[in-house]
Amino acid sequence: MGTKSSTWTSRVSALFLKDFKSELRTRYSLDALVMFAVITLTVVSFSIGMFSLSSKIKSSLFWIVIFFSAMSGLAQVFIKEEEAKTSTLLKLVASPESIFAGKLLYNLVLLLFLEIIIVPLFVIMLGFSILNFWLFLCVLVLGSLGLVCSTTIIAAIVAKASVKGALFAVLSFPILLPLLVTVISGTNLASEGASFSQGLRDLQILFSYTVVMFVASFLLFDFVWEE
Amino acid sequence: MWWKILTGLLIGTVVVLVFLMPPPQKELGDISRIFFFHVPVAWVTVLAFLVAMVNSILYLSRKDLVYDLQAAISSQLGFLFAILATVSGAIFAKNAWGSYWNWDPRETSVFILLLIYGAYLALRSAIEMEDRKANLSAVYSILAFITVPFLVFVVPRVFQSLHPTDSIVNSQIKIQMPPLVLLVFLSSLLGFSLLFVWIYNLEVKVTILHKKIKGSSTIK
């Protein structure tokens, strides 16, 4: 049992490192992703100008920037396998579960890296104050985890479609809506300096959403991948 | 055959009764009669979503394209009923609350259902190979269905509800309706559900025949 689980984790990490290394070499999605986030942030910042906004609107704008940046970059993880025609080879060498886990991990790292860039910029450019930093961090990490869990399987679906275009955002939005509503409310609470117990309800919803989507996408990935 | 006649008679009687009996709510007057059409239509929207999901699960476990066809048809009908529910609701909202759209939790939910149906149909039209289309859209249908319960908890926290919580169904979830109103309402609910089943069966038959004539079908 011990050896089995260790080979599984080593396979997942090997797949993750493969994507990570090829990303560092080719910069397939990272550069565009970061630039897209910066551009959206600039657009938001310019359109606001000198107005001072409430923290509620700022938290909404923050997650709109993250949502659209994620939409522009996270689908690449499967699309690049289809475009490079490497998905068949991948099917031969690894089980669907380990492929999905590797891709999930890679998308999560990508999104967290993006957020490390966006958060300071957002704080500087829009004067976004975060009074309860730890609550903010919990909401951000749990929100990203939930976002990645539900978008990675949609990325796998979209990669198999013949017309990709805007399909990723169209398919993701209805599924992500409960998550978005909750993270916006949680971010707003954290930015106003609410205590942990006040934000607990949002964290509970985020946690259950993440667990449900994680399990569902793991179960359903087989069907997307097998053909 | 007999249940089709029954459906026709049932809906006919409901339509006549709805306009003959006194309006179900006195303060709103005649416009509250929409209740007998709007609620069943919204109910069928959810029913169609459920039917599509069950067919998707059946497709994934049995790999029979008939189930995919049924899921697709159920979604198309669901899309139609979602539009009907949204429009009839908006007309009522304009008269009762003063504006067509208020982002009330139930308006939001039906709008999200509309988005899910739209996304599902967009996905289907973006894939050409039949079994791939069936596979991927079944997976999406199940994923979308799973997220809906979250909306029930999440959305009411953002927007205040304008829908009655006390007049028809009170806080103890007991139905408060005069017997006649309740009877007509339940008949209307049954009538619309049967209508959905009827259209659904008809669509499935027609589509299978159409595919047989074209000779492109793998469905027996």
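The rules we used
- Residues numbered from 1 in each chain as written.
- Chains lettered and ligands numbered in written order.
- Predicted model: local features only at pLDDT ≥ 70, side-chain atom pairs only at ≥ 80, totals over all residues.
- Heavy atoms only, no water.
- Contact = heavy atoms within 4.5 Å.
- Buried area = accessible area lost by both parts, 1.4 Å probe.
- Salt bridge = Lys/Arg side-chain N within 4 Å of Asp/Glu carboxyl O.
- Helix = DSSP H or I, 4+ residues; strand = E, 2+ residues; numbered from the N terminus.
- Nonpolar A, V, L, I, M, F, W, Y, C, P; charged D, E, K, R; others polar.
- Buried < 20%, exposed > 50% of the residue type's maximum accessible area, 1.4 Å probe, protein only.
- Core = buried A, V, L, I, M, F, W, Y, C linked by side-chain atoms within 4.5 Å.

S.K.: Hey, could you run me through the interface of chain A and chain B in this one?
M.R.: How big an interface is tends to be stated in terms of accessible area lost as the parts join. The partner chain B presents 27 residues to the 31 residues of chain A that form the contact. Between chain A and chain B, roughly 2700 Å² of surface is buried when both sides are summed, and carbon and sulfur atoms account for 77% of that area. Put simply, chain A and chain B have zero salt bridges between them. Of all the elements in the fold, those that place two or more residues in the side of chain A that touches chain B are α7 (133-160), α8 (167-191) and α9 (196-225) of chain A. Tallied by class, the residues present in the side of chain A that touches chain B amount to 22 nonpolar, four polar and five charged.

S.K.: Just checking my understanding: could you explain the environment of A:Trp134 for this structure?
M.R.: Relative to the helices and strands, A:Trp134 is located in helix α7. Of the residues examined, A:Trp134 reaches a relative accessible area of 58% and is grouped as exposed.

S.K.: Just checking my understanding: could you explain the pattern of salt bridges for this structure?
M.R.: Where charged atoms of side chains with opposite charge meet at close range, the side chains can pair. Residues and elements named next belong to chain A. In this structure the tally under the stated criterion is eight salt bridges over all chains. Residue Asp19 pairs with Lys18 through a salt bridge whose shortest N-O separation is 3.2 Å. The exposure class assigned to Asp19 is buried, which follows from its relative accessible area of 1%. Measuring nitrogen to oxygen at the nearest pair gives 3.6 Å for the salt bridge that ties Glu82 to Lys160. Of the two residues, Glu82 sits in helix α4 (residues 76-83) while Lys160 sits in helix α7, which places them 78 residues apart along the sequence.

S.K.: Would you mind showing me how to read the environment of A:Leu137 here?
M.R.: Within the secondary structure, A:Leu137 sits in helix α7. Put simply, A:Leu137 and A:Ser13 are 124 residues apart on the chain and 25 Å apart in space, counted from C-alpha to C-alpha.

S.K.: Hey, could you run me through the environment of A:Lys91 in this one?
M.R.: Counting through the fold element by element, A:Lys91 comes out in helix α5 (residues 87-93). Counting along the chain gives 45 residues from A:Lys91 to A:Phe136, while the straight-line C-alpha distance between them is 39 Å.

S.K.: I keep staring at the nonpolar core and nothing clicks. Help me out?
M.R.: Nonpolar side chains in soluble globular proteins generally cluster together in the buried interior. Formed by 123 residues in total, the largest nonpolar core has its most connected members in A:Phe62, A:Ile153 and A:Leu171. For this core, the leading source of residues is α7(A), giving 15 residues. Excluding anything up to four places from it in sequence, A:Ile153 contacts A:Phe100, A:Ser217, A:Leu220, A:Phe221, A:Val224, B:Val139 and B:Leu143. Residues B:Val18, B:Met21, B:Val181 and B:Val184 belong to the second largest nonpolar core, which totals nine residues.

S.K.: Help me understand unusual backbone geometry in this model?
M.R.: For residues besides glycine, phi is generally negative; the peptide bonds are generally trans as well. With a phi close to 55°, A:Lys85 is a non-glycine residue in the positive phi region. Within the fold, A:Lys85 resides in the loop between α4 and α5. Taking the relative accessible area as the measure of exposure, A:Lys85 reaches 68% and is therefore exposed. With a phi angle near 55°, B:Lys63 is a residue other than glycine that sits in the positive phi range. With respect to the helices and strands, the residue B:Lys63 is situated in the loop between α2 (35-62) and α3 (65-97).

Treat this as a map of the structure, not an account of what it does.
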